[in-house]
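# Architecture and fold: a report
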Amino acid sequence: MKLLDVEVCVCVCVCARTRARTCAHACMRMCVRARACVCSYAGPAVLSLTCNVNQCFTTATEAPWDLVLEGRIRKTFVDPLSVCLAGCLSVCLSPNSFVSICSFFLSFFSVLLFCGLVRFECSNPSDFRIEADGVVYAARSLHLSTLPASPLVIKARDSTTQQQWETQVRLTPPTNSVMSKDLKEIVFPSRRTDGQLIRMKRDWVIPPINVPENSRGPFPQELVRIRSDHDKNRSLRYSVTGPGADQPPTGIFIINPISGELSVNKPLDREHISSFHLRAHAVDLNGNQVENPIDIVINVIDMNDNRPEFIHQIWNGTVPEGSKPGTFVMTVTSVDKDDPKTANGMLRYKILSQNPESPSSNMFTINNKTGGIITVAAGLDREKVPQYTLIIQATDMEGNPMYGLSNTATAVIKVTDINDNPPEFTAETFFGEVPENRVNVIVANLTVTDKDQPNTPAWNAVYKITGGDPTGRFSVPTDPTTNEGLVTVVKPIDYEISRTYVLTVEAKNEVPLARGIHFPRQSTATVSIRVIDVNESPYFEPNPKLIKLEEGMIPESALTTFTAQDPDRFMQQTLRYSKLSDPANWLRIDPNTGRITTIAILDRESPYVKNSLYNATFMASDNGVPPASGTGTLQIYLLDINDNAPSVFPQEAEVCEKPEPNAINITALDGDLNPNAGPFAFELAHRPSDVRRNWTITRLSGDYAQLSLKIGFLESGIYEIPIIITDSGNLPMSNTSYLRVKVCQCDINGDCTDQQHIMAAGLGTGAIISILLCIIILLILVLLFVVWMKRRDKERQAKQLLIDPEDDVRDNILKYDEEGGGEEDQDYDLSQLQQPDTIEPDAIKPVGIRRLDERPLHPEPQYPMRSAAPHPGDIGDFINEGLKAADNDPTAPPYDSLLVFDYEGSGSTAGSLSSLNSSSSGGDQDYDYLNDWGPRFRKLADMYGGSDD
């Protein structure tokens, strides 16, 4: 099959209506000169001229140079005064020819809308024929040599207006061929005409297209031709899609829609996009797909356009001093953006220089492929050369210095320290001193020297005591700043045990010495420490000291001897003792001997005794300079005795007037411990007699009893019930306790309802508050009245002092503010309360001599008697019993009875006081209600409510 390149141009002329005919002829001449196959005219009102040139192609038959115009040529001639001119529908338009597309369709639709019936004639009907639609066909197989030299003349005549147009088509081979004979061709896989695909070989794969990057053009540059077998009998349009074509980045690849030539439109960059995946399409003129899309892979061929780049410009590495040859140091890395699978991206490394060149100029080497740096020579010594600087070069093209691109970086290698220098003491012997009993005291500073790098494990010193301290009283920590050894006392040192210490100290490092290096003699030193004697405090042994005693010990009883020891054996000192803490002030200590005696009775029930234990603290002081003292605690465990009588609990209770429910549960309180406390015995007292008549007591258990009413009804009131309680001590103790019982009216639940009666009277809270306020105001008024009366009396007395004594007939009367009784009413002999049996008997008085205010001569009542030395706790019981006896004694004179004072003379100018009578007599009043107030008011009832006898 032969290919014939034909150059086809499209000329679009836009003219104004005023000069339409002239513009049309000019446009046709322009198109002829440009060898155009299409001339189209649009008018009439556009004042511009646009030309767009695109490349087209046609195909030829197999006959040599036989030209078959498969591309349909439509020649349309329209009157310029109308709208259209001739147009060729088989024009290949560029995707960027927007104006040509618009003009093409404008011409096409102008023919359809405005053109009348046009007849076409061809000047060479033997070779070409033209159809009514303007399509020119080859009438036979044509060869290029047989083509007529004269152009083909096409005539068009309007059958309506009989107007005629003429144009020429010249067919000549182009001077510049756009269809390269050696251009690679990609053919779509064949398929049946009925649309079914033909079975293809499984290994039919379109090979990728390789395009070098950074091409200099010219552009567009043809890559491959895409064609379909269906282009033999119809015109097709080709297109490509995918990234680089119609997807970003767009415009890199373009395809000629008629010829199918795929071209690259700009230089490619493999480092940006290494390959493109496109898809080719073939459609007919109606846009129908005639082939299945095929995939085209375009690989960008790498070019050596990138230098190697080190990841870091300065590389830092370390290597221990004294390392053997072959010791790994570090790895440097460089990257090349070129294809690493090609020589463009294959790098090689080498060392350009080493600084300093000591002890050898080739202390290191580098792996030319991996970039790993290792040592190749011995002799690394940090104390001589602490750091090396290497210049590293990386070259691509496998290190080819002529074609490869290179770059350099710096490698800094620090020689790290190892422990190849042991610490050495600056002196053989160090001295220090410390007072005894002092801890956390630095005695001496040990200094060493070390040539290794400071503040590293190979330089930091560690001190160890290897001799002279079997009890571990010293330690040698390291000063982190100066690296000195601080000899420190960690346990108290006693001068009386050892006066000097000689320590052997060894110095090492935190890490062991390097192999083959040994500690010299200078790594060991001696420390001589002198102990200074100080005055130490005395100490009690044991401390605290516990003793057990029975409570109730009388004063001046010796308890124990509590002495201290003085640790200063080489000092002649004396100790003195004193009491430091004695909460109850029970004890005394001898200042010289430490003997402890009592000064009061020890009582286990004292609030200063906790859990039967009493603590007292004593101090021992020496006479040293300065004086020292120590303290000791004496603990006295007091054993209990039966010295506390039980008492009733609770002391107050409530019961109902009726027997049910009337039970009161009671118990006893005893300050003693078992067995001197419970179980208890409860019993009602025999006096007064109505107690046993009205009440009964029942024992519930060893510690509890129940008190209840014995009678059917008891009037409401407050009663004091005497209950005798006896404990279980070895010598039992009894006590009469009074239980205060309130008898009241109760509800069905057994609760007193007295308060409810008060509320039922109609007195609310506001009323009660009002009453209280009125009472307070009344009391204030009374107080003011009394103050006013006293002030008035004082003024009256002042006026009486101004009266002439000769005119005062009452000069023998003195006024006192004392309204009490005589001296017998005030002079109390309190000793009689404790020893009532020592009262002076009446027998020592003279017979027949009796004071007027003495008791009448009746039989004396039986008052309770106490022993000569009663216990202090019984005084209250004795007073209560005596008071009850006095209340029931009819011979006891009342407090307002006639009292006899000293004689002041006979006669008075004021007359007798018996003439003064009260305005109201009390004899008319009824005092019988006093009998209901209890035994204390019966005497008043007898005195005021009885007869004159």
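Above this text sits the structure in question.
Read on for a plain summary of the structure. In this text the structure is predicted, and so the values were computed from the model without any measurement.

Rules behind the numbers
- Along every chain, residues carry numbers that run from 1 in the direction the sequence is written.
- Owing to the predicted nature of the model, reporting of local features is limited to residues with pLDDT of at least 70; listing and counting of side-chain atom pairs is limited to 80 or more, with chain, interface and lining totals taken over all residues.
- With hydrogens and water stripped out, all remaining heavy atoms of the structure feed into the side-chain values.
- When DSSP locates at least two bridges between a pair of strands, those strands are taken to pair.
- Secondary structure elements are defined from DSSP: runs of H or I of at least 4 residues count as helices, runs of E of at least 2 residues count as strands, and each element is numbered from the N terminus.
- Axis lines are fitted through C-alpha atoms, for helices just across the contact stretch, and the angle between N-to-C directions can take any value from 0 to 180 degrees.
- A patch consists of residues exposed above 30% relative accessible area that lack any salt bridge, with like charges linked at up to 9 Å and nonpolar side chains (Val, Leu, Ile, Met, Phe, Trp, Tyr) linked at up to 5 Å.
- In this description, accessible areas are obtained by the Shrake-Rupley approach with a 1.4 Å probe, and a residue is regarded as covered only by the protein chains that are shown.
- A carboxyl oxygen of Asp or Glu within 4 Å of a side-chain nitrogen of Lys or Arg is what we treat as a salt bridge.
- Cysteine sulfur atoms are paired as a disulfide whenever they fall within 2.5 Å.
- Given a helix with a known number of residues, its expected span is that number minus one, times 1.5 Å.
- Per-residue accessibility, obtained with a 1.4 Å probe over protein chains only, is compared with the maximum for each type, and a residue is labelled buried under 20%, exposed over 50%, and partly exposed between these values.
- It is the directions from the helix axis to the C-beta atoms whose arc is reported.
- Identification of polar contacts relies on pairs of N or O atoms within 3.5 Å, with a donor-acceptor requirement for protein atoms, meaning one able to donate a hydrogen and the other able to accept it, and with residues adjacent in sequence counted only if both atoms are side-chain atoms.
- By definition in these notes, contact holds between two residues if any of their heavy atoms fall within 4.5 Å.
- Classification of ring pairs rests on two measures: the distance between centres of Phe, Tyr or Trp rings, Trp counted by its six-membered ring, which must be within 6.5 Å, and the angle between planes, read as stacked under 30 degrees, edge-to-face over 60 and tilted in between.
- For a ring to carry a charge above it, either NZ of a lysine or CZ of an arginine must fall within 6 Å of the ring centroid while also lying within 35 degrees of the normal to the ring plane.
- Joining through side-chain atoms within 4.5 Å is the link that ties buried Ala, Val, Leu, Ile, Met, Phe, Trp, Tyr and Cys residues into a set, and such a set is a nonpolar core.

## Section: the sheet that holds strand β37 (residues 558-561)
- In space, the three strands of this open sheet follow the order β37-β41-β40, with antiparallel pairing throughout. Bordering the open sheet on either side are β37 and β40 (587-589), each of which pairs with just one other strand. Direction aside, the axes of adjacent strands within the sheet are offset by 25° on average.
- Two elements, β40 and strand β41 (residues 595-598), share three bridges in a ladder whose sense is antiparallel. Residue pairing across strands places Leu587 opposite Thr598, the latter belonging to β41.

## Comments concerning a nonpolar patch on the surface
- On the surface, Ile769, Leu773, Ile776, Ile777, Leu778, Ile780, Leu781, Val782, Leu784, Phe785, Val786 and Trp788 cluster together into a nonpolar patch covering about 1200 Å² of accessible area.
- Position of Leu773 among the secondary structure elements: in helix α5 (residues 765-801).

## Let's talk about the state of the cysteines
- Applying the stated rule across the entire model yields one disulfide.
- A sulfur-sulfur separation of 1.9 Å characterises the disulfide bridge that pairs Cys656 with Cys746. Across the disulfide from Cys656 to Cys746, rotation about the S-S bond amounts to roughly -105°, and the bridge is consequently left-handed. Of this pair, Cys656 sits in strand β45 (residues 652-656) while Cys746 sits in the loop between β51 (734-744) and α4 (754-760); the two residues are 90 residues apart in sequence, bridging distant segments of the chain.

## Looking at helix α7 (residues 875-887)
- Compared with an ideal rise of 1.5 Å per residue, which puts 13 residues at 18 Å, α7 spans 18 Å between its outermost C-alpha atoms and is within 8% of the ideal.
- Among the residues making up α7, those that are buried are Phe878, Gly882 and Ala885. Take α7 and look down its axis: the buried residues cluster within an arc of 60°, on one side only.

## Things to note about the side chain of Asn421
- Looking at the element boundaries, Asn421 is found in the loop between β25 (406-416) and β26 (424-425).
- In terms of polar contacts, Asn421 uses its side chain to reach the side chain of Asp420, at 2.8 Å.
- At 2.8 Å, the side chain of Asn421 and the side chain of Asp452 are in polar contact.
- When sequence neighbours within four positions are dropped, the list of residues in contact with Asn421 reads Glu383, Asp450, Lys451, Asp452, Ala458, Asn509 and Leu513.

## A closer look at the sheet that holds strand β13 (residues 253-255)
- The sheet built from four strands is open, its strands ordered β9-β11-β14-β13 with mixed pairing. Sheet topology places β9 (185-187) and β13 at the edges, where each strand pairs with a single neighbour. Averaged over all pairs of adjacent strands, the angle between strand axes in this sheet comes to 25°, irrespective of strand direction.
- When strand β11 (residues 221-227) meets strand β14 (residues 261-264), the two strands line up antiparallel, connected through four bridges. Paired with Gln221 across the bridge in β14 is Val264.

## Considerations on the packing of aromatic side chains
- Enumeration according to the criterion identifies eleven aromatic pairs in this entry.
- Note on Phe364 and Tyr388: the rings are 5.4 Å apart at their centroids and 70° apart in plane angle, and the pair reads as edge-to-face. Taken as a pair, Phe364 in strand β22 (residues 364-366) and Tyr388 in strand β24 (residues 387-395) lie far apart in primary sequence, 24 residues in all.
- Given the relative accessible area of 1%, Tyr388 is considered buried.
- These aromatic residues form a ring-pair network of at least three members: Phe540, Phe562, Tyr577 and Phe618.
- For the cation-ring pair, Lys548 lies above Tyr637, with the distance from its terminal atom to the ring centre recorded as 5.7 Å.

## Looking at the nonpolar core
- Counting 27 residues, the largest nonpolar core has Ile226, Phe253, Leu262, Leu268 and Ile298 as the members making the most contacts within it.
- If you list the elements that add at least two residues to this core, you get β10 (209-212), β11, β12 (236-241), β13, β14, β15 (275-284) and β16 (294-301).
- Counting 24 residues, the second largest nonpolar core, distinct from the first, contains Phe430, Val441, Tyr463 and Tyr501.

Remember, this is a structural readout, not a statement about activity or role.
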